[in-house]
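Descriptive structure summary
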Amino acid sequence: MAKVADHIRRANGKTIFSIEVIPPIKGDNLKNLLDNIEPLLEFKPPFIDVTYHREEYIERPEPDGTIRKIITRKRPGTVGICSAILHKFGVDPVPHVLCGGFTKEETEDFLIDLHYLGIDNVLVLRGDPAKPFDTFKPKNNGYSYASELVAQVANMNRGIYLHDSDHTMTPSDFCIGVAAYPEKHFEAVDHETDFKYLKLKIDKGADYIVTQMFFDNQKYFDFVKRCREAGITVPIIPGLKPLSTRKQLQVLPRLFHLEMPSDLVRAVDACDNDAQARQVGVEWCIQQCRELTQAGAPGLHFYTMGKSDNIVQIAREIF
Ligand code: FAD
């Protein structure tokens, strides 16, 4: 199997198609997820990302009136799904690896498992705060920022593991992706600070970038320009999500800290139902993809969020 950076290199300037999938809610069937991936294989994704979902803290009222605090994980299974994708479809899986909820040692074990499974790629992320909290807190002896975790993976790639410097270790060989935000990460005070830390992730060893979704291509073009000016030379893969319900006009900006272009807002507002809005979302995304492809974007990375029919429609027009 191969690394994302090699897939991009081999495409020789042609834009590649890739997707991100989300593990099912605990107890749901994996078959639905795999059935959703299958129609997308027609477009030959060289890699498929699988998100990671950290623990959540919930309070459950008991019959005796007391409150029980529970730690739960709603969408476990990232590693198992990666293995299923690798073996069932022969496609390179890209597990997301988080700082949040992990100590350095747990991260090392996690990476060793991935290496033994023959997984060659990871997308390294800090992760969001554990629900219901507002601020991110690292686990004791965990990392506060993705750049620190990138450094750990890069060290393993050099055969440097934690606490074991006395004998020669087998190096891992991960291609490392990181996230970036054309419209700025919501916690960053300004774009400059955000760029500084993005550059740090690259300097620590990241090989490529995947962006947060955006609906205005100009944000991506400006972002790429500023990255290049800042000396960031790695491929920058745009992340795309076709809008699929009228409600998403409000939900996506709130969740992902992005702006909806006024033309898109007007078109969706004119829809009588979600089926019409979904079609508007598809057409908008097709236009985005055409422009991004013409501008030489290395890939188009689709956030499927559990559904693939609209992405099939889009990919048929582009690939
Ligand atoms: P970082 O790069 O660590 O940055 C976080 C913030 O800290 C930024 O504001 C940055 O400017 C600032 N910062 C960075 N370094 C420093 C420093 N040294 N000192 C001070 N400030 C600093 N979340 C999940 O839980 N699971 C997933 O699977 C997942 N997949 C994602 C995939 C993509 C493509 C994207 C774009 C996001 C994904 N996320 C996922 C969400 C992500 O975890 C959050 O956006 C998180 O808030 C930031 O992660 P990061 O890796 O960009 O963090």
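So, a few notes on the structure that sits alongside this text. Keep in mind that this is a model prediction, so the values were computed, not measured.

Rules behind the numbers
- Residues numbered from 1 in each chain as written.
- Predicted model: local features only at pLDDT ≥ 70, side-chain atom pairs only at ≥ 80, totals over all residues.
- Heavy atoms only, no water.
- Helix = DSSP H or I, 4+ residues; strand = E, 2+ residues; numbered from the N terminus.
- Buried < 20%, exposed > 50% of the residue type's maximum accessible area, 1.4 Å probe, protein only.
- Contact = heavy atoms within 4.5 Å.
- Areas by Shrake-Rupley, 256 points an atom, 1.4 Å probe, with all protein chains shown as cover.
- Lys, Arg positive; Asp, Glu negative; His and termini not counted.
- Salt bridge = Lys/Arg side-chain N within 4 Å of Asp/Glu carboxyl O.
- Polar contact = N/O pair within 3.5 Å; in protein donor to acceptor, adjacent residues only side chain to side chain.
- Phe/Tyr/Trp six-rings, centres within 6.5 Å; stacked < 30°, edge-to-face > 60°.
- Near = heavy atom within 4 Å.
- Nonpolar A, V, L, I, M, F, W, Y, C, P; charged D, E, K, R; others polar.
- Expected span 1.5 Å × (residues − 1).
- Core = buried A, V, L, I, M, F, W, Y, C linked by side-chain atoms within 4.5 Å.
- Patch = residues over 30% accessible without salt bridge, like charges linked within 9 Å, V, L, I, M, F, W, Y side chains within 5 Å.

Once that is clear, we can look at the overall build of the protein. Along the backbone of the protein there are 11 helices and 10 strands. With the C-alpha coordinates of the protein rotated into their principal frame, the extents come out at 65 × 60 × 45 Å. Classification of the 319 residues of the protein by burial places 51% in the buried group. In the protein, the proportion of contacts linking residues at least 24 apart, taken out of those at least 6 apart, comes to 74%. When the accessible area of the protein is evaluated, it comes to approximately 15800 Å², of which 50% is carbon and sulfur surface.

Attention now moves to the side chain of Lys241. Relative to the elements of secondary structure, Lys241 occurs in the loop between strand E9 (236–240) and helix H8 (248–256). Within the buried core, Lys241 has no salt-bridge partner, and the shortest N-O distance to an opposite charge, that of Asp309, equals 9.5 Å. Separated by 3.5 Å, the side chains of Lys241 and Gln248 make a polar contact. Beyond its immediate sequence surroundings of up to four residues, Lys241 is in contact with Met213, Phe215, Gln248, Leu252, Tyr303 and Met305.

Turning our eyes to something else, we now look at the pattern of salt bridges. Evaluated as defined, the whole model comprises 18 salt bridges. Between Asp173 and Lys3 there is a salt bridge, with its nearest N and O atoms 2.6 Å apart. Of this pair, Asp173 sits in the loop between helix H5 (146–157) and strand E7 (175–180) while Lys3 sits in the segment before helix H1 (4–11), and the two are 170 residues apart along the sequence. When its relative accessible area of 42% is taken as the criterion, Asp173 is described as partly exposed. The residue Asp203 makes a salt bridge to Lys199 at a minimum N-O spacing of 3.2 Å. One end of the pair, Asp203, and the other, Lys199, are both in helix H6 (residues 191–203), 4 residues apart, so they sit about a helical turn from each other.

Attention now goes to the packing of aromatic side chains. To describe a pair of aromatic rings, you give the distance between the ring centres and the angle between the ring planes. With the rule as written, the count across this model stands at 10 aromatic pairs. Considering the side-chain rings of Phe17 and Phe319, the 5.3 Å spacing of their centres and the 70° angle between planes classify their relative orientation as edge-to-face. Here the residue Phe17 occupies a position in strand E1 (residues 16–21), and Phe319 occupies one in the segment after helix H11 (309–318), the gap between them amounting to 302 residues. Given a relative accessible area of 2%, Phe17 falls into the buried group. Their ring planes at 65° and their centres at 5.8 Å tell us that Tyr220 and Phe221 sit as a pair that is edge-to-face. Given the relative accessible area of 22%, Phe221 is considered partly exposed. Among the aromatic side chains, those forming a connected cluster through ring pairs are Phe17, Phe43, Phe302 and Phe319.

Attention now moves to the site of the ligand. Near the ligand, the surroundings consist of 23 residues, among which Tyr52, Tyr181, His185, Asp194 and Lys201 are the closest. Backbone polar atom of Ala188 to an oxygen atom of the ligand: 3.4 Å apart, as the coordinates give it. Here an oxygen atom of the ligand and a side-chain polar atom of Asp194 are 2.8 Å apart. Isolated, the ligand exposes 980 Å² of accessible area, and the fraction of that covered by the protein chains is 86%. Looking at the shell around the ligand, the elements with two or more residues in it are strand E5 (92–98), strand E6 (121–125), H6 and strand E8 (208–213). Residues that form the shell around the ligand fall into these classes: 12 nonpolar, 5 polar and 6 charged.

What follows concerns H5. Over its 12 residues, H5 runs 17 Å from end to end, which matches the ideal 16 Å to within 8%, given 1.5 Å per residue. The set of residues buried in H5 consists of Ala146, Ser147, Leu149, Val150, Gln152, Val153, Ala154 and Met156. Next to the buried residues of H5 lie E5, helix H4 (104–116), E6, E7 and H6.

The next thing to look at is the nonpolar core. Of all hydrophobic cores here, the largest spans 95 residues; its most connected members are Ile37, Ile85, Val122, Ile209 and Phe302. Those residues in contact with Phe302 that sit more than four places away from it in its chain are Phe17, Ser18, Ile19, Glu20, Leu240, Cys285, Cys289, Ile311, Ile314 and Phe319.

Quick look at a nonpolar patch on the surface now. A cluster of nonpolar side chains, namely Tyr57, Ile71 and Phe133, defines an oily patch on the protein surface of about 310 Å² accessible area. With respect to the helices, strands and loops of the structure, Ile71 is situated in strand E4 (residues 67–72). A relative accessible area of 57% means that Ile71 is categorised as exposed.

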